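Coordinates in review
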Amino acid sequence: MAVTGERARSSLWTPQYRAVSVGMALLVTLVAFENLGVNTAMPRLVVELHGENLYSWPFTVFLVTSLIANVLAGRLCDTRGPAFGLYTGVGLFLVGLVVAGTAGSMWMLLAGRALQGLGGGTQSIAVYVMIAYVYPERSQPAAFGLLSAAWVVPSLVGPFAAGLVTEQASWRWVFLGLVPLAALGAALLLPAVRRLPEQVPAGPGKRGLVIAAVTSAAGISALTWAAEHPSLGSLVIGVAGVVLLLPSLIRLLPNGTLSARPGLPVTVLTRGLLMGAYTAIEVYVTLMLTAVHGYTPLAAGIPLTFGALAWSAGAVVPARKVDVPRIVFVRWGLGFVAAGAAGMVVVASTWGWGWFAFVAWTVASIGMGLGYSSLSVITMRLSETHEQGANAASLQVSERVFSALFVGVGGVLLALLGSAQHPTAAMVVLDIAMAGVALLGVVLVRPTRMAAPMTHPS
């Protein structure tokens, strides 16, 4: 009876936590609809806006602006609490939807994606901080699992709806159709925000984080552009990108992250490797199916539905097995992502099978469900209360940087080894490389390199 009572008190749906849980799920659902819809609509979108040579840039711009927002929101949440960040993020995201949906050129679309990145990056940090100090420690795995579960409905109808809308109406409604949902989500979140406790005053924090965030975003953009447009002038731009990026990352991430120092640094690095490898393949799934196997946009989006459902299903396991060390789920997650990435080689090849994307992407997505939320729990448990925003920002900066870099690698490979119409050679190399990245994570994440607080107290 005592155990049952403890579980009831720590449930996400008790009166004490219900409003926060509902509001948090609504926010994530909104972002999920947009994410899945854009992936599905992108092949048709770039053709209509004559942006085939910028195929990876709507994703890259979203990632680099999210990186800037992560850093700003981390400090904001440590000083003012998550409420301001939540509403600022939703507002920016809503404006970005309108700009992208009415875009008359590829450059206007990129501006809309930039606003969406700023909004999404801000609200994601606010949600992390909200989980960390609203829910008791035993409930936090379930809370992070709820973020994955919020993808279920969008994954069921998002790619299908986006593909149908793209074919029968216009890709513009993939963005504009979410505007009313964004407004509704903001309105419904108000009761949840009012229930948030007062923020604990933050310490002084690191100096120069905003400048480091901007320069790192500029560095990623410069590297991506230089690699996709090889020339002597681009070489200079690429070198400048490296000069900007490396010092900025050292400032933005915990000391020792790039050298995989045990504890929080290797946790943050692993999150980047995990999410980077997954994202780099995800943004090209529909391209492989449409260009290599002749799928329609509607059919090409269906594997993304399977993947989102598989991610949500995978996240249920660590949410329920609260007494199992989180490192177990992280290692298995990385292994599954590596296996899924290797399987996508079959999809990318002209001799392969398009239907195998359903299998490979399901495997990779189960791995994300196992590992992603577990790394979130680890990070929050390794953080003091006044550092939760900053460390959550570091976690997402890592995933944004590695995702942007690896997506850019895909763009570079397309430019060097093929094109958006003939992507096979480029995608085979990318899939093999990302499988190697995930396996590197397995090597780095060992019990001897991880801090003791990773296990859940009995």
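The paragraphs below set out a description of the structure included in this document. (Residues numbered from 1 in each chain as written. Predicted model: local features only at pLDDT ≥ 70, side-chain atom pairs only at ≥ 80, totals over all residues. Heavy atoms only, no water.)

On a plain count of helices and strands, the protein chain comes out with 19 helices and 0 strands. Here the protein chain, with 458 residues, has 59% of them falling under the buried criterion. Restricting to contacts in the protein chain with at least 6 residues of sequence separation, those with at least 24 account for 83%. As displayed, the protein chain offers around 17,200 Å² of accessible surface, 70% of which is attributable to carbon and sulfur atoms. (Helix = DSSP H or I, 4+ residues; strand = E, 2+ residues; numbered from the N terminus. Buried < 20%, exposed > 50% of the residue type's maximum accessible area, 1.4 Å probe, protein only. Contact = heavy atoms within 4.5 Å. Areas by Shrake-Rupley, 256 points an atom, 1.4 Å probe, with all protein chains shown as cover.)

Within the secondary structure layout, glutamate 282 lies in helix 12 (residues 264–282). The buried charged residue glutamate 282 lacks any salt bridge, with arginine 113 as its nearest oppositely charged partner at 9.5 Å. The residues touching glutamate 282, leaving out its near neighbours within four places in the chain, are Asn35, Asn39, Leu304 and Trp361. (Lys, Arg positive; Asp, Glu negative; His and termini not counted. Salt bridge = Lys/Arg side-chain N within 4 Å of Asp/Glu carboxyl O.)

As a further point, take the environment of valine 377. Along the polypeptide, valine 377 turns up in helix 17 (residues 356–381). Exposure remark for valine 377: the relative accessible area of 1% places this residue in the buried category. Between the alpha carbons of valine 377 and tyrosine 128 there is a distance of 9.7 Å; along the sequence they are 249 residues apart. Sequence-distant contacts of valine 377, defined by excluding residues within four places in its chain, comprise Gln140, Pro141, Phe144 and Arg326.

Take the environment of alanine 319 next. Relative to the elements of secondary structure, alanine 319 occurs in helix 15 (residues 302–320). In this structure, the C-alpha to C-alpha distance between alanine 319 and serine 373, residues 54 residues apart in sequence, is 8.5 Å. Setting aside anything within four residues of it in sequence, one finds alanine 319 in contact with Pro141 and Ala142.

Core analysis: the biggest nonpolar cluster contains 131 residues, and Leu45, Leu109, Tyr135, Tyr284, Met344 and Met434 have the highest contact counts within it. Leaving out residues up to four positions away in the same chain, methionine 434 has contacts with Gly276, Ala277, Ala280, Ile281, Ala341 and Phe406. (Core = buried A, V, L, I, M, F, W, Y, C linked by side-chain atoms within 4.5 Å.)

Take helix 19 (residues 424–444) next. Residues lying three or four places apart along an α-helix face the same way, a consequence of the helix completing one turn every 3.6 residues. Over its 21 residues, helix 19 runs 31 Å from end to end, which matches the ideal 30 Å to within 8%, given 1.5 Å per residue. Among the residues of helix 19, Thr424, Ala426, Met427, Val428, Leu430, Asp431, Met434, Ala435, Val437, Ala438, Gly441 and Leu444 are the ones counted as buried. (Expected span 1.5 Å × (residues − 1).)

Right, let's talk about the packing of aromatic side chains for a bit. Tallying each qualifying case throughout the model produces 10 aromatic pairs. Look at tryptophan 171 and phenylalanine 175: their rings are 6.2 Å apart centre to centre, the planes differ by 90 degrees, and that puts the pair in the edge-to-face class. Residue classification places phenylalanine 175 among the buried residues on the basis of a relative accessible area of 2%. Their ring planes at 75 degrees and their centres at 5.7 Å tell us that tryptophan 355 and phenylalanine 356 sit as a pair that is edge-to-face. (Phe/Tyr/Trp six-rings, centres within 6.5 Å; stacked < 30°, edge-to-face > 60°.)

What follows is about the side chain of glutamine 116. Relative to the helices and strands, glutamine 116 resides in helix 5 (residues 106–134). Residue glutamine 116 is classed as buried on the basis of its relative accessible area, which comes to 0%. In terms of polar contacts, glutamine 116 uses its side chain to reach the backbone carbonyl oxygen of glycine 96, at 3.2 Å. Look past the residues within four positions of glutamine 116 in its chain and what remains in contact with it is Glu34, Phe62, Leu92, Phe93, Gly96, Leu97, Ala100 and Phe175. (Polar contact = N/O pair within 3.5 Å; in protein donor to acceptor, adjacent residues only side chain to side chain.)

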